[in-house]
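One-letter residues, chain by chain:
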Amino acid sequence: MELFAFYNVENLFLPDPPQIHKLDPTRSGLRNWDDRKYRTKLSKIAHVFRLMKEESGILPALIGLCEVSGKKVLEDLVKLDPFSSQYGIVHYNSLDERKVDVALLYDKSKIQIIDSEAITFFFEIVDNRPDNYDTTRDVLFAKVKFEEEIMNVFVAHLPSKREKDINQPKRNFIMNEIHNRILNIINKDHEHVILCGDFNQNPDDENLIKILYDNAQNRVLHNPFQKLFSTKKYSTFHYKSGLLFDQIIISDSFFKADARLSFQEAKVFNPESMSTRNKGFEGRPFRTYAGTRYLGGFSDHFPVLVAFKKN
């Protein structure tokens, strides 16, 4: 068995430098984000993957992450047990206004990186001035080799839903660009594709259904999280609503009879120890912050997993 994971780690920033004035804005946007809280956060994230290893017997060979700020936080993370510096990092600084990026961690004993790039998006150029570009988080692309298998991995964190969902056109545009790239890979190179991310949309949303098919309406991708969502499995929550924004979508090639890696199962990884104990909120992620109040938890999202059988 091999695992692939995706995890929105909720604002993984380096500690803020001391404020000169109490009301000065911080780099992270978090309240009192110091070295102790940062180290606790790293330890909590590492513990999540220790729990995965305890349950499955192995660590994920590939781990997509979002809401990380810079490469240094990733370098600090992979030094910890259970990674123990055996994981490599694929990361690019994006132009996101909050300075949060996506990244890919990989087991260096199993995975070889062939190529990678950041797919950057610009919106609404105002007065034709570069400093007025409306930017968002990059989509990370990596072509990797696992044994003799080539896999094309996309890691996304699409613009969030807010203010009557003014970001929907941006999500539509980004998903269309990803779709075109995936079709090109499948039709020309006939290679595996894995698309993971926090899509800020549930599996039944139009964008996430449309991307599963080519232009002739033939299915080219599968989203195993559709079934999980229909059975009320959620990775995050907004007020009273359960959401499954975190998903891993895989190409039809993982379902072929002769596939060296074949799809086995998908799951939301939500052990009780990662859940809040607050009455009335049982089963929800134990998060790091609730507004400005520090809680000391893991993240406001649960990670998601896909397991592959080795044939």
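Data block above holds the structure.
Report follows, based on the coordinates. (Residues numbered from 1 in each chain as written. Predicted model: local features only at pLDDT ≥ 70, side-chain atom pairs only at ≥ 80, totals over all residues. Heavy atoms only, no water.)

**A short note on empty space enclosed by the protein**
For the record, the criterion: The distinction between a cavity and a pocket rests on a 1 Å grid over the protein atoms alone: a 1.4 Å probe fits inside a cavity but cannot get out, while a pocket stays open yet meets protein on both sides within 12 Å along at least five of seven lines, and a residue with an atom within 4 Å of a point counts as lining. Grid points are joined across faces, edges and corners, and a volume is the space filled by probe spheres set on the points. The secondary structure listing takes helices from DSSP runs of H or I that are at least 4 residues long and strands from runs of E that are at least 2 residues long, numbered from the N terminus. Note on residue categories: nonpolar means Ala, Val, Leu, Ile, Met, Phe, Trp, Tyr, Cys or Pro, charged means Asp, Glu, Lys or Arg, and polar means any other residue, Gly included.
All told, the structure shown has two cavities of 30 Å³ or more when counted by the stated rule. Its boundaries defined by the atoms lining it, the largest cavity holds a volume of some 80 Å³. Every residue lining the largest cavity is listed: Glu 2, Leu 3, Phe 4, Ala 61, Leu 62, Ile 111, Phe 146, Met 151, Ile 194, Leu 261 and Phe 308. Looking at which element gives the most residues to the lining of the largest cavity, the answer is strand E1 (residues 2-12), with three residues. Residue classes in the lining of the largest cavity are distributed as ten nonpolar, no polar and one charged. Lining the second largest cavity are Tyr 92, Ser 94, Asp 101, Val 102, Ala 118, Asp 138, Val 139 and Leu 140. For the lining of the second largest cavity, the secondary structure elements donating two or more residues are strand E4 (101-107) and strand E8 (139-146). Here the lining of the second largest cavity is composed, by residue class, of five nonpolar, one polar and two charged.

**Quick notes on the packing of aromatic side chains**
The line we're drawing: When the centres of two rings from Phe, Tyr and Trp lie within 6.5 Å, Trp using its six-membered ring, the rings pair. Their planes under 30 degrees apart give stacked, over 60 give edge-to-face, and anything left gives tilted. Residue exposure (1.4 Å probe, protein chains only): buried if accessible area is under 20% of the type maximum, exposed if over 50%, otherwise partly exposed.
Across all of its chains, the model carries twelve aromatic pairs by this definition. Considering the side-chain rings of Phe 49 and Phe 83, the 5.4 Å spacing of their centres and the 55° angle between planes classify their relative orientation as tilted. Here Phe 49, found in helix H1 (residues 35-56), pairs with Phe 83, found in the loop between helix H2 (71-78) and strand E3 (87-91); they are 34 residues apart in sequence, far enough to count as distant. A relative accessible area of 1% means that Phe 83 is categorised as buried. Ring centres of Phe 83 and Tyr 87 lie 5.2 Å apart, and the angle between their planes is 75°; this geometry places the pair in the edge-to-face category. The pair Phe 83 / Tyr 87 is uniform in exposure class, with both members buried.

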